[in-house]
Amino acid sequence: MLDKRYDPKLVEKDKYETWKSRGYFTSGDLSKKPFSMVIPPPNVTGKLHIGHAWNCTVQDIIARYKKAQGYDVLWLPGMDHAGIATQAKVMEKLRNMGKDVTKITREEFLEWAWAWKKEYAESIREQWAKLGLALDYNKERFTLDEGLNYAVRTVFVDLYNKGLIYQGERIINWDPVQMTALSNIEVIHQDDPGFMYYFKYCLTDSNEALIVATTRPETMFGDVCVVVNPSDERYKHLIGKKVINPANHEIIPIIADDYVDLSFGTGAMKCTPAHDPNDFIIGEKYNLPRPIIFNKDATMNEKCGIYNGMDRFVCREALIKAIEAEGNFVKKEAIVHPVGHSERSHAVIEPMLSKQWFVKMRPLAEHAIKNQEDEQNRVEFIPERFEKVFLQWMDKAEDWCISRQLWWGHRIPAYYNVKTGEMRVLMEAPDDKENWVQESDVLDTWFSSALWPFSTLGWPNKTSDFERYFPTDVLATAYDIIFFWVSRMIFQSLEMNNLRPFKQTVIHGLVRDELGRKMSKSLGNGVDPLKVIEQYGADALRYFMTTNSTPGQDMRYIEEKVQASANYLNKIWNAARYVISILGDDYKEISLDKANFSPLDQWIINRMNYCVENVTSNMEKYDFNLASTHLYNFVYDDFCGQYLEMSKVALSSENAQQIATTKAVLLKCLKTVILLIYPYTPFIAEELYGNLPNHLPSIMEESYPKFEKTLIDETNDYQVELLFSLIRDVRTFKIQNGLTPNARLSLSLYIKKELFTDFLVYLRRFTFSDITIIDTDIHPGESHVYLEADLFIVDNNNKEEVIAKLKKDIEAVKVEITRCENMLGNTNFLAKAPEEKVNLEKDKLAKHRENLSALEEKLAKLA
C-alpha cells in the first residue's frame, strides 16, 4: 500500500541499483529492432553541472520511451578526459599538496592524473545514478582508454597520409596560463575597455615621422616594417624609406600593400608577423622576418632588452613611459574593443607564431556541407533552424589547430629520429626505439571526442556493436557546442565511414538563472543538481528540466517551478492512492468492454486515448514540453478534475457490473498515466506501478501505451460535456451570490436533446440542487443556454436574504454613481484635475453603471 505522503527520498531509494542489477539497462536483444545513443561525455573534473543534467535527462527520456516501445536500446555511457581542464585541476591539487610541479616528470604526472580520473569517474557514476539514467554500463568508455586511443591514432595517421593533417608554422592562439595552443573556437571574444596608443616612427633621413596606432605597444619589439597603402597620397613619397622603431630604436623599412585601409586610423600600420594573424600573411607575402618577442608565460623575452622577463602588461606601461620621455608618444584614446580570452583559464590570449599540427578543413567541411543534400545520409537537426548554424560554420571553417602543449591527452603519433631529424607518423613506435623520440604534444580533446559515436562501438574494427548500432539514432546536446562537437563528429564520421554519426540531433538551449543570466561563478548563480535532488527529488528536477522550455530555447531555472513539479507528482500520487484503495487488495483485473461503459466511462476512455495519441506524437518529435502538457491536462482536467469525482456515483450504486466496469476504467486510466509519466519520472512511476494489481516485476518490463481505436465511441460525449458545463455554471452562480458550495438551489432544465440515464442523478449529486424538467425555454431565474438544453437557476432557500442583499448593494452602487456624477459635473474639478484623474473617475462611473445594471437584472429575476 502506498504511504499517505509522497516522500521522494523514500521513493527513490534503492530503485536504481535494482534496475541495474536486473539488467534492465543492458542492450543486445537481437530479437528487437536496435536503437542507439551515446552520452555526451562529461569531463572528469568534478560535479555534473545543471546543463549536463538537463542534457542527460533528455536522452534518458528517449531511452526509456524507446525501450518501452519494444526497441533494443543501447545508451552508451562514457567520460571525456578534458585535457586542459583536467591537467589544470591535477596540477592545482599537486601544488596544494606542496609538490614542486616544475620538477614532476610526465610519467609521474600521468600517474596522478589517472588516479584523479578513477576518483572522479566513480563520483560521476554516482551522480548518474541519482538522476536515474538508464545507461548500459557494460559498454562504458573513456576517451583515453586503450581502444579509443587506437581509434585516434588510426584517424590521425589516415588523415596525415591523405594530406589532411600537416605540421606548420602559423599564428595560433596561445594561452599563457595553461601554456598551450588553442583552436579558434576555444577563444571567447569579449568587449574589454582599453586604449589606442599613438606613436611617432621617425624617418632616418628627414624630420618627418609616421604616426602609428596600436592597442598592444608591447608587441612593437616584434615590428619588422611599417605598411602603407600604395595609393595613399599622404605616404607615397615615403615608400622605400626607413623609420626608427621607438621601442627598440631598430631601423625598419616602409613598404606598401593594398591590405592597409586608408580610412582606418592614421593609414600607417606596424607589422608584427609573429604576433598578429594579418601581419603574418603580409610577412609571408614579402618574406619578412618573424621575431617572437614573448616567452610561453607571456613575459617578454631576450629580444626586448631591459624588459626581458617582465609581464607583458607591466612592460606595456613601462615602455609607454620610456617612449614618452623620448618625445615619441603622441596620445592615447579610450576604446572598447574585442579581446580574445581563453575559454578555460580566461587569460587574455596572445597571438603567437608557433609550429603546430593542423587539420586541413576545407575538404572535410565541403564533404559535410554536400552530405546535407543527401536525404539518406544527412543529419536531421531538431529544430531544423540549427542546420543553418552548422552549415554556416562549415562554410567559414579555418584550419583546425589540434596540437596542445600538455601531458594529459592522446600523444601525437609522430616520431623524430634523434640522429637525422627525420619525422615519421606511425601507428606504433619504430622498432629501433632508442633512435626515435615521440612528439611531446597531445591532441586537442575535441579530436578524440569527434570520434565518439563510432570509436566507442569498437571502430576501426567492424565489431558486432558497430555493425548493429552505427550510425546511432539520435544525439541530444546544447546549441553552444554545435561548433565544438556536433560539426566535428559529422565531418570525421563522413571522412572515416562515409556515414553520418547519428540520424538526428536534438538541440536544446542553456540553463540560465531566474533573470535570464548565464550561470557563472562570478555571479554566484549556479545550480547544483545534487542539492536540488536532495530537496525535491530527482523526478521533480527531471520533470522541471524537460517541460519548461520549447525545443532549442534556453531554460530559466526557477525554484518555484521545481516545487510545482513536485506538487504535480504529489497530485498523481494522491490519485493513485485513492484508486488503489478503491480497488482493494484482492482486486481481479477484468478486460474492458465498451458495451458495459457508462457515458462517463466512455468519455474518460476517449480522453485517455486521445491523450496517449497526442503524447506519443510529440514524444516522436522530441517535443517533451508539449507531450507533457497533454498529459498534465488529462491528469488535472479530465481524470482528477472530473472522472475521479464522478466515478463515486457509480461506485456507490448497487449495480455490480457498473461498479466492476468503473473500477476497471479507473485502473486503466491510472496505469496509462503512470506509463506516460514514466520516461520523465521513473522513480515515482516504478513505485506507483509496483502497487497496481497484476503488475510485472518492474515498470521497465512494461509496454508503452498505444492508441486503442476499438475503445473509442464519442456518441454521448456531448452529454457528458453538457453535464460538466451545468455543474460548473451552478457552482459559479453560488460563488457570485455568496452561497456555500452545498447550498440548495432550484434548477429548471429544458431538454432539447436526449440525455443519458442517470444524467440527473449526477447533476443533483454535484450541484446539491432540486431539478425540475420543464417544457419551455422561457422560465424565471438566471438562464444558461446550451445547444442541448437550457438551465434556469433560482435560489429559493435564501431568496429573501439574497433579495435584501441585492437591494443593499444596489443602494451602495447608486451612492457611488451620484458621487462620480457630481465630481464630473464640477467645472472646477474638470479644469484643475490632471487628465489621468478625470479619466479615472469616468472609468469608475462606467463600471458602477454596469454593475448597477447587473444587480437590477438579478433582482428582477428573483422578484
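Since the model is a prediction, treat every value here as computed from it, not as a measurement.

About the thresholds
- Residues numbered from 1 in each chain as written.
- Predicted model: local features only at pLDDT ≥ 70, side-chain atom pairs only at ≥ 80, totals over all residues.
- Heavy atoms only, no water.
- Helix = DSSP H or I, 4+ residues; strand = E, 2+ residues; numbered from the N terminus.
- Expected span 1.5 Å × (residues − 1).
- Contact = heavy atoms within 4.5 Å.
- Phe/Tyr/Trp six-rings, centres within 6.5 Å; stacked < 30°, edge-to-face > 60°.
- Buried < 20%, exposed > 50% of the residue type's maximum accessible area, 1.4 Å probe, protein only.
- Lys NZ or Arg CZ within 6 Å of the ring centre and 35° of its normal.
- Pairing = 2+ DSSP bridges.
- Axes fitted to C-alpha atoms, helices over the stretch in contact; angles between N-to-C directions.
- Salt bridge = Lys/Arg side-chain N within 4 Å of Asp/Glu carboxyl O.
- Core = buried A, V, L, I, M, F, W, Y, C linked by side-chain atoms within 4.5 Å.

(A) Broad picture of helix 4 (residues 83-96). For helix 4, which comprises 14 residues, the first-to-last C-alpha distance of 20 Å matches the rise-based estimate of 20 Å (1.5 Å per residue) to within 8%. Against the buried residues of helix 4 lie helix 5 (106-131), strand 6 (180-182), strand 17 (403-404) and helix 11 (445-449). Following helix 4 by one or two positions, Gly 98 has its phi on the positive side, about 85°.

(B) View of the packing of aromatic side chains. Counted under the stated rule, the structure contains 41 aromatic pairs. A ring pair is formed by Phe 756 and Phe 759, whose centres lie 5.3 Å apart and whose planes are at 70°; its orientation type is edge-to-face. Assessed through its relative accessible area of 9%, Phe 756 is described here as buried. Phe 759 gets classed as buried once you look at its relative accessible area, which sits at 1%. Taken together, the aromatic side chains of Tyr 543, Tyr 568, Tyr 622, Phe 624, Tyr 632, Tyr 636 and Tyr 680 make up a single cluster linked through ring pairs. Across the ring face of Trp 19, the terminal group of Arg 64 is positioned such that the distance to the ring centre comes to 4.7 Å. Cation over ring: Arg 765 sits above Phe 766, and NZ or CZ is 5.6 Å from the ring centre.

(C) The sheet that holds strand 15 (residues 380-382), seen in detail. Taken together, three strands build an open sheet; the order of strands is 15-23-22 and the sheet is parallel. Of all the strands in the sheet, just strand 15 and strand 22 (472-478) have a single pairing partner and so form its edges. Shown here is a sheet whose adjacent strand axes are inclined to one another by a mean of 20°, direction ignored. Inspection of the sheet shows strand 15 paired to strand 23 (residues 502-508) by three bridges, in the parallel sense. Looking at strand 23, one finds that Phe 381 is bridged to Thr 505. Across the sheet, helix 3 (residues 50-68) lies against strand 22 and strand 23, angled at about 155° from strand 22, the strand it touches most. This element, helix 14 (residues 482-497), spans strand 15, strand 22 and strand 23 of the sheet and lies at about 165° to strand 22.

(D) Up close: helix 21 (residues 682-689). Most of helix 21 is tucked away, with seven of its eight residues classed as buried. Within the sequence span of helix 21, burial applies to Pro 682, Phe 683, Ile 684, Ala 685, Glu 686, Leu 688 and Tyr 689.

(E) Geometry of the pattern of salt bridges. Under the counting rule described, the total for this entry stands at 46 salt bridges. With a shortest N-O distance of 2.7 Å, Asp 513 and Arg 517 are connected by a salt bridge. The exposure class assigned to Asp 513 is buried, which follows from its relative accessible area of 6%. Salt bridges here are not isolated pairs; linked through shared partners, they connect Glu 816, Arg 819, Lys 837, Glu 841 and Lys 844.

(F) Spatial organisation of the nonpolar core. Counting residues in hydrophobic clusters, the biggest one holds 146 residues, and the most contacted among them are Trp 128, Met 619, Leu 631, Phe 639, Leu 749, Phe 759 and Tyr 762. Examining the composition of this core, we find that 13 residues originate from one element, helix 19 (residues 624-651), more than from any other. If we skip the residues at most four places from it in the chain, Leu 631 touches Tyr 568, Cys 611, Val 615, Val 673, Leu 676 and Ile 677. The next biggest cluster of nonpolar side chains, apart from the first, holds 55 residues, and it includes Val 152, Ala 414, Val 425 and Phe 502.

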